Amino acid sequence: MEYNTAILMAVHNGQKFLAEQIESILQQTYANFDLIIQDDGSTDDSMKIINDYCQKDKRVVKISFLKENKGAVANFSSLFNYAKDIYDYIFFSDQDDVWDMNKVKNSMEEIKKYDNFPALVFTNFYLWKSDTLKKIYEKKVKYSFERCISQNVMYGCTMMVNKKMIDIIDNIPLCVENHDYWIALLATLNDSSIIYLEQPMLKHRLHEENVTARSSSGTFKGRVKALIEGPLSNDYVNNKFQMWINLYDELAKRYNEKQICNLNVLIQSYGFFDALRCIRIGFKGVSIRGTLFFFLTILLRRRTNYGKNKI
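K.L.:
I'd love a proper account of the overall build of the protein, names of residues and values included.
P.N.:
The helix and strand tally for the protein stands at 12 helices and 11 strands. Rg of the C-alpha trace for the protein: 19 Å, near the compact-globule value of 19 Å for 311 residues, within the 12% margin. Overall, the C-alpha framework of the protein stretches about 60 × 45 × 40 Å when taken along its three principal axes. Here the protein holds 311 residues, and 51% of them are scored as buried. Here the analysis covers contacts within the protein between residues at least 6 apart in sequence; of these, 76% occur between residues at least 24 apart.

Structure follows, in structure tokens:
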């Protein structure tokens, strides 16, 4: 039996690496898919590259061109709305990675074992800077609703979902941090089948134009800068809590208070003891650094910015 499969790619000013990524997708050993691309107001030659591939390969489908930059969340939200009623399986793709030739095949083989349940597959991957490759996860990945809120482990560029999971997602709100963040939270809240493939299935390119990661993040100077611009910044803390509050409001439309009570605890938290309490109930990052950033975000929240009680 053949399945309808879509790979959704959001593009913005990606001309430098876009062709290489598209080639790695078109050369997959599992070839039965549509590569659906939407450009988000690019001012470079991204549209020309996309149009050229549309002419070369009928699997490449271009949908509406967004005339102004709406951002990655809005782009993936629009792509998902286009695909959700048409396809049985959906992958998500960055514009500047390179996929292993068996990425689609291996993910499809796993997820088909769970067709009777909402299911999500995500894979390990390599961080790729210059000629250096570093596996992102060296040990088994732990995930839960609280952990994914703190620091999502399920990168969208590694992720695929089946039809039952697509129906649960339904739409991607524009107020969330990232499309994969929202999907991971829904998967953990619904006790969906979450399958992790330990073998790295792509090279995630690090460079200064990255949306998800900066090439300097692995240096001491980069880490200090991330700390200063992160939890040591009042704007960062305010924005983070506002996002969590918006997230609560969105989830409250779908789930009862008992299911999201820990998120309610989080959005009311500030100071040392609240930060410690959140860590104890499961809000932990993937890494020590991720947990530290989360802890500092609560610790340094100003009392004047204390969120209203949601109970």
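On we go.
K.L.:
Outline unusual backbone geometry, listing residues and values.
P.N.:
At Asp170, a residue that is not glycine, the phi angle is positive and equals roughly 65 degrees. Tracing the backbone shows Asp170 in the loop between α6 (163-169) and α7 (179-189). When its relative accessible area of 36% is taken as the criterion, Asp170 is described as partly exposed. For Asp191, which is not glycine, the phi torsion reads 50 degrees and is therefore positive. Locating Asp191 in the fold gives a position in the loop between α7 and β10 (193-197).

K.L.:
Quick one: what's the story with the pairing of strand β8 (residues 132-135), residue by residue and with numbers?
P.N.:
Bridge analysis of strand β7 (residues 126-129) against β8 gives 4 bridges, and the strand direction is antiparallel. Across the sheet, Leu127 pairs through a bridge with Lys134, a residue of β8. Between the antiparallel neighbours β7 and β8 lie 2 residues, among them Ser130 with a positive phi of about 55 degrees.

K.L.:
An account of the packing of aromatic side chains is requested, with residue identities and associated values reported.
P.N.:
On inspection of all chains with the given rule, the structure shows 12 aromatic pairs. The interplanar angle of 45 degrees and the centroid separation of 6.2 Å between the aromatic rings of Phe91 and Trp99 together place this pair among those described as tilted. In terms of burial, Phe91 and Trp99 fall into one category: buried. Here Phe241 and Trp244 contribute two aromatic rings whose centre-to-centre distance is 5.1 Å and whose plane-to-plane angle is 80 degrees, an arrangement assigned as edge-to-face. Of the two residues, Phe241 and Trp244 are both situated in helix α9 (residues 234-252); the distance of 3 residues between them amounts to about one turn of the helix. There is no split in this pair, since Phe241 and Trp244 are both buried. Each residue in the set Phe122, Phe125, Tyr137, Tyr143, Tyr155 and Tyr196 is aromatic and connected to the rest through ring pairs, giving one cluster. Note that Lys103 overlies the ring of Trp99, its terminal NZ or CZ placed 3.8 Å from the centroid. Taking NZ or CZ as reference, Arg301 lies 3.7 Å from the ring centre of Phe241, over its face.

K.L.:
Any chance you could break down the sheet that holds β7 for me, citing the residues and the numbers?
P.N.:
Two orientations exist for strands paired in a sheet by backbone hydrogen bonds: parallel and antiparallel. Read from one edge to the other, the open sheet built from 4 strands follows the order β5-β11-β7-β8, with strand pairing classed as mixed. Two strands bound the open sheet, and with one partner strand each, they are β5 (98-99) and β8.

Rules behind the numbers
- Residues numbered from 1 in each chain as written.
- Predicted model: local features only at pLDDT ≥ 70, side-chain atom pairs only at ≥ 80, totals over all residues.
- Heavy atoms only, no water.
- Helix = DSSP H or I, 4+ residues; strand = E, 2+ residues; numbered from the N terminus.
- Rg over C-alpha atoms; globule rule 2.2 N^0.38 Å.
- Buried < 20%, exposed > 50% of the residue type's maximum accessible area, 1.4 Å probe, protein only.
- Contact = heavy atoms within 4.5 Å.
- Pairing = 2+ DSSP bridges.
- Phe/Tyr/Trp six-rings, centres within 6.5 Å; stacked < 30°, edge-to-face > 60°.
- Lys NZ or Arg CZ within 6 Å of the ring centre and 35° of its normal.

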